[in-house]
Amino acid sequence: MSENNYVLFDREGQIAILTFNRPKALNALNRELLQELDQILDQIAQNDEIRCVIVTGAGEKSFVAGADIKEMQAYSVMEARALALFGQSVCTKLERLPKPTIAAVNGFALGGGCELAMACDIRIAAAHAKFGQPEVKLGITAGYGGTQRLPRLVGSGIAKEILFTGDMISAERALSIGLVNHVVEKEELLNFSRSMAERICKQSKCAVGLSKQAVNEGTQMDLDRGLKYEAEMFALSFSVDEHAEGFQAFIEKRSPKF
Ligand code: CAA
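Not measured: the values here are computed from a predicted model. All chains use their own residue numbering, which begins from 1 and follows the written sequence. Only residues with pLDDT of at least 70 get local features here, since the model is predicted, and only at 80 or more are side-chain atom pairs given and counted; chain-wide, interface and lining totals rely on the full set of residues. Excluding hydrogens and water, the side-chain figures rest on all heavy atoms present in the structure.

### Some words on the overall build of the chain
The secondary structure listing takes helices from DSSP runs of H or I that are at least 4 residues long and strands from runs of E that are at least 2 residues long, numbered from the N terminus. Summing up its helical and strand segments, the chain has 12 helices and 10 strands in all. Our radius of gyration is a C-alpha quantity, and the globule rule it is checked against amounts to 2.2 Å times the number of residues to the power 0.38. For 258 residues, the compact-globule estimate of 2.2 N^0.38 gives 18 Å, and the chain sits close to it at 19 Å. Its C-alpha atoms give the chain principal-axis dimensions of roughly 65 × 45 × 35 Å. Accessible area is worked out with a 1.4 Å probe on protein chains only. A residue is then buried under 20% of its type maximum, exposed over 50%, and partly exposed in between. The buried share of the chain, reckoned over its 258 residues, is 44%. Contacts are assigned to residue pairs with any non-hydrogen atoms lying within 4.5 Å of each other. Taking all contacts inside the chain whose residues are at least 6 apart in sequence as the whole, residues at least 24 apart take part in 69%.

Below, the structure written as C-alpha cells:
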C-alpha cells in the first residue's frame, strides 16, 4: 500500500490495483487525486514487474462521480481550460500506459468518472453501476475526453444522446451499446476483473503490448495505414524471443511459459 491518500496503490503479484479513495465525495476527482494518479501512472509505467492494472473506486456506491464540482465552482475560463488540459493529460497517460488496464466500475461512473473508465482498455461493470456525462445539467461540457472518446466507443448518435440529455444509463444499457465489456454481480466484480487480468498476465508481454499499441494507434488512422501499422507490429513481435516459446509450446502441445 502506498502512502497516497486519494489513490490507493496495491500490488497482487503482477497486477496493480488502484483505488480512487474519496468515498465521502463519491470519489470525485479533485486536483490532488488527479496529481496522485498522474504520479502513480509514471511509477507503474517504469515498473517491469507490473503487467496489468485494475482501477476501481472505494466503497460500494461509486467508481468516480466526476470532477469535483465544489472545487470547480468559482473557476475562471483560464482555470477551466487548465483543468481540462490536465485531466485530459492524465486520461491520455492512462490510455497510453504500456500495460493493459481494466476499469472495475463499482458504482457511479459520471462525467470525469466515465471519462476515466473510457481511457482504460477494458471496462467491467457491477450490475448496479451507472454511467453518464451529466455536465449539461451543470451548464458545462465534458472536459476530460467525453466528447471525443464516447463517440469513438459507441458511435456519435448514442454519444450525443448521452451528452445532450445528461441521463444516467444502467450497466445493462452500457453493455448493449458497447460502453462496457461485461456486467457482473457486485460481489464478483473484483474477482472477475482479477481473473481477466491474470489471463492477460499469462500471455506474451510483448504481444499484448504491441496489440494495445496497434489498436490505440490504428484507430487514429484510416484502414490502409492501420493495416500497414499492424504489419509492422506483427513483424516486431517476431523480433522478440517470446514468440519462439509460443511457437515451440504449440508444437510440443503444452502451455507457453512467458
Ligand atoms: N463533486 C464534488 N462532490 C460530489 C460530487 C462531485 N462530482 N458528486 C458527489 N459529491 C458529493 C456530494 O456533494 C455529497 O457531499 P456532502 O455529503 O458533503 O453533501 C456526497 O458526495 C454524496 O453525494 P450525494 O449526497 O449527492 O449522493 P446521492 O446518492 O444523493 O447522489 C449522485 C449521487 C447522483 C452521483 C450525485 O452525487 C451527483 O449527481 N453527483 C454529481 C455528478 C456529476 O454531475 N458529475 C459530473 C461532474 S463535472 C465533470 O466531471 C466535468 C468533466 O468532464 C471533467
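Once the structure has been displayed, the description carries forward.
### Overview of the environment of glutamate 60
On the secondary structure map, glutamate 60 appears in the loop between strand 3 (52-57) and strand 4 (62-64). When the C-alpha positions of glutamate 60 and phenylalanine 108 are compared, they lie 9.4 Å apart, and in sequence the two are 48 residues distant. Discounting residues that sit within four places of it in the chain, glutamate 60 has contacts with Asn106, Gly107, His128 and Lys186. Counted as a polar contact is a pair of N or O atoms within 3.5 Å, where, for protein atoms, one must be capable of donating a hydrogen and the other of accepting one, and residues adjacent in sequence contribute only when both atoms are in side chains. A polar contact of 3.4 Å, which involves the side chain of glutamate 60, links it to the side chain of lysine 186.

### Structural notes on the site of the ligand
We define proximity as follows: a residue is near a molecule or strand when any one of its heavy atoms falls within 4 Å of that partner. Around the ligand, the structure places 24 residues, and the nearest of them are Lys61, Ala67, Gly112, Glu115 and Glu135. At 3.0 Å, a backbone N or O of alanine 65 approaches a nitrogen atom of the ligand. Between the ligand and glutamate 115, the relevant distance is 2.7 Å, taken from an oxygen atom to a side-chain nitrogen or oxygen of the residue. For the ligand, the protein covers 66% of the area, taking 990 Å² as the surface of the free molecule. Among the elements of the structure, helix 2 (69-72), strand 6 (108-110), helix 4 (112-118) and helix 5 (135-138) are those that each provide at least two residues to the shell around the ligand. Ranked by residues supplied to the shell around the ligand, first place goes to helix 2 with 3 residues. Throughout this entry, Asp, Glu, Lys and Arg are counted as charged residues, while Ala, Val, Leu, Ile, Met, Phe, Trp, Tyr, Cys and Pro are counted as nonpolar. The remaining residues, Gly among them, count as polar. Split by residue class, the shell around the ligand holds 14 nonpolar, 4 polar and 6 charged. Per-residue and other accessible areas were derived by the Shrake-Rupley procedure at a 1.4 Å probe size, with only the shown protein chains allowed to occlude residues.

### Concerning the nonpolar core
One finds Leu18, Phe20, Ile44, Phe63, Leu116, Phe131 and Leu179 to be the most contacted residues of the largest nonpolar core, which totals 50 residues. The dominant element in this core, judged by the number of residues it contributes, is helix 1 (residues 31-46), at 6 residues. Apart from residues no more than four positions distant in its own chain, leucine 18 is found in contact with Val7, Leu8, Phe9, Leu37, Ile40, Leu41, Ile44, Val53, Ile54, Val55 and Thr56. Definition of nonpolar core: a set of buried residues of the types Ala, Val, Leu, Ile, Met, Phe, Trp, Tyr and Cys, connected through side-chain atoms within 4.5 Å. Among the nonpolar cores identified, the runner-up in size contains 15 residues, and Ile54, Met196, Ile200 and Cys201 belong to it.

So, to be careful, I would describe these as geometric facts and stop short of saying anything about function.
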